[in-house]
Amino acid sequence: MESRLRVLRAERNWTQAELAQRLGVSRQTVNSIETQKYEPSLSLAFAIARLFGCKVEDVFLPPDRAQPQ
Amino acid sequence: MNSVPTADRAPKPHSSLSNSIVIPLAFAASYIAARWGIKVLPQGSREALVAALLPVPVFAWLIYSIVRGTRALDELERRIQLEALALAFPAALVILFTAGLLDLAGFHGEGNWDLPRLLPLVLLPYWFGLALARRRYS
């Protein structure tokens, strides 16, 4: 599942550590989500979307909606 | 859905001092005391039974502390711990069964297959699994 988390974070000039602190998770968790090594739980996905003021599907793109690299 | 810890609802941070130093020391002390008690007290006596069960409450405290610590982890760290334990638990069983069979086969070594000898062997797969899981998500 592709994620726009890195882009959204960069738009706000937040470091991974800052974002992790806002979400109440570790920096490793943020990094793993950004590098697509880990897919967050539904509750964390909602928390991320809420933090960026958008919908879950605007942050996490299902494979059929992901842009070809 | 309440699995995301936030500043308001995060579990109370447990004392890392008690987790990392006090509890293992207490467990080691109770184990040494139990071994000493079993050695000096008459076998089969009530006192020897008390000595043998001495580490159990400390071990229960250790388990409680681990569970509390696990609840304070974030979701990725929980998964890492789960993957480490998924390797460590069956590996520990295999090691214990093998040690038991070696003991029955007459390969006692020095001091038999007792806890001080087995503990590092049982913990090794956990550390190995932890390193593997951390590497996978780093």
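Everything below is about the structure shown above.
The rules behind these values
- Residues numbered from 1 in each chain as written.
- Chains lettered and ligands numbered in written order.
- Predicted model: local features only at pLDDT ≥ 70, side-chain atom pairs only at ≥ 80, totals over all residues.
- Heavy atoms only, no water.
- Helix = DSSP H or I, 4+ residues; strand = E, 2+ residues; numbered from the N terminus.
- Buried < 20%, exposed > 50% of the residue type's maximum accessible area, 1.4 Å probe, protein only.
- Contact = heavy atoms within 4.5 Å.
- Areas by Shrake-Rupley, 256 points an atom, 1.4 Å probe, with all protein chains shown as cover.
- Lys, Arg positive; Asp, Glu negative; His and termini not counted.
- Salt bridge = Lys/Arg side-chain N within 4 Å of Asp/Glu carboxyl O.
- Axes fitted to C-alpha atoms, helices over the stretch in contact; angles between N-to-C directions.
- Parallel < 35°, antiparallel > 145°, perpendicular 65-115°, else oblique.
- Nonpolar A, V, L, I, M, F, W, Y, C, P; charged D, E, K, R; others polar.
- Buried area = accessible area lost by both parts, 1.4 Å probe.
- Polar contact = N/O pair within 3.5 Å; in protein donor to acceptor, adjacent residues only side chain to side chain.
- Core = buried A, V, L, I, M, F, W, Y, C linked by side-chain atoms within 4.5 Å.

**Details of the overall build of chain B**
Then, in step 1: Helix and strand counts for chain B come out as five helices and zero strands.
Then, in step 2: Along the chain direction, N to C, the helices and strands of chain B fall in the order α-α-α-α-α.
Then, in step 3: In chain B, which comprises 138 residues, the share counted as buried stands at 24%.
Then, in step 4: Taking as baseline every contact in chain B between residues at least 6 positions apart, the subset at least 24 positions apart corresponds to 64%.
Then, in step 5: Element-wise, carbon and sulfur atoms account for 70% of the exposed surface of chain B, whose accessible area totals about 9,700 Å².

**Considerations on the side chain of Asp74(B)**
Then, in step 1: Looking at the secondary structure, you find Asp74(B) in the loop between helix H3 (55-71) and helix H4 (75-104).
Then, in step 2: For the buried Asp74(B), no salt bridge exists, and the shortest N-O distance to an oppositely charged side chain is 7.3 Å, to Arg78(B).

**Brief notes about the packing of helix H3 (residues 27-34) of chain A against H4(B)**
Then, in step 1: Running from N to C, H3(A) and H4(B) cross one another at 85 degrees; their axes reach a closest spacing of 8 Å. Between H3(A) and H4(B), the angle is such that the two are roughly perpendicular. Counting all contacts with H3(A), which are made through Gln28(A), Thr29(A) and Ser32(A), the residues of H4(B) involved are Leu76(B), Glu77(B) and Ile80(B).
Then, in step 2: Residues of the contact of H3(A) with H4(B), tallied by class, amount to two nonpolar, three polar and one charged.

**Remarks on the interface of chain A and chain B**
Then, in step 1: Every contact between the two is made by 17 residues of chain A and, on the other side, 14 residues of chain B.
Then, in step 2: Note on chain A versus chain B: buried area summed over both sides is about 1,300 Å², and carbon and sulfur give 52% of it.
Then, in step 3: Counting across the chain A and chain B interface gives zero salt bridges.
Then, in step 4: The interface formed by chain A and chain B includes six residue pairs in polar contact (both at pLDDT 80 or more).
Then, in step 5: Looking at the side of chain A that touches chain B, the elements that each hand over two or more residues are H3 and helix H4 (42-52) of chain A.

**Some points on the nonpolar core**
Then, in step 1: One finds Leu5(A), Leu19(A), Leu23(A), Ile33(A), Ile48(A), Phe52(A) and Phe60(A) to be the most contacted residues of the largest nonpolar core, which totals 27 residues.
Then, in step 2: Counting residues per element, the ones that place at least two in this core are helix H1 (5-11), helix H2 (16-23), H3, H4 and helix H5 (56-59) of chain A together with H4 and helix H5 (115-136) of chain B.
Then, in step 3: Looking at which element gives the most residues to this core, the answer is H4(A), with six residues.
Then, in step 4: Excluding residues within four positions of it along the chain, Phe60(A) makes contact with Met1(A), Glu2(A), Ser3(A), Ile33(A), Pro40(A), Ala45(A) and Ile48(A).

These figures capture arrangement, not role.
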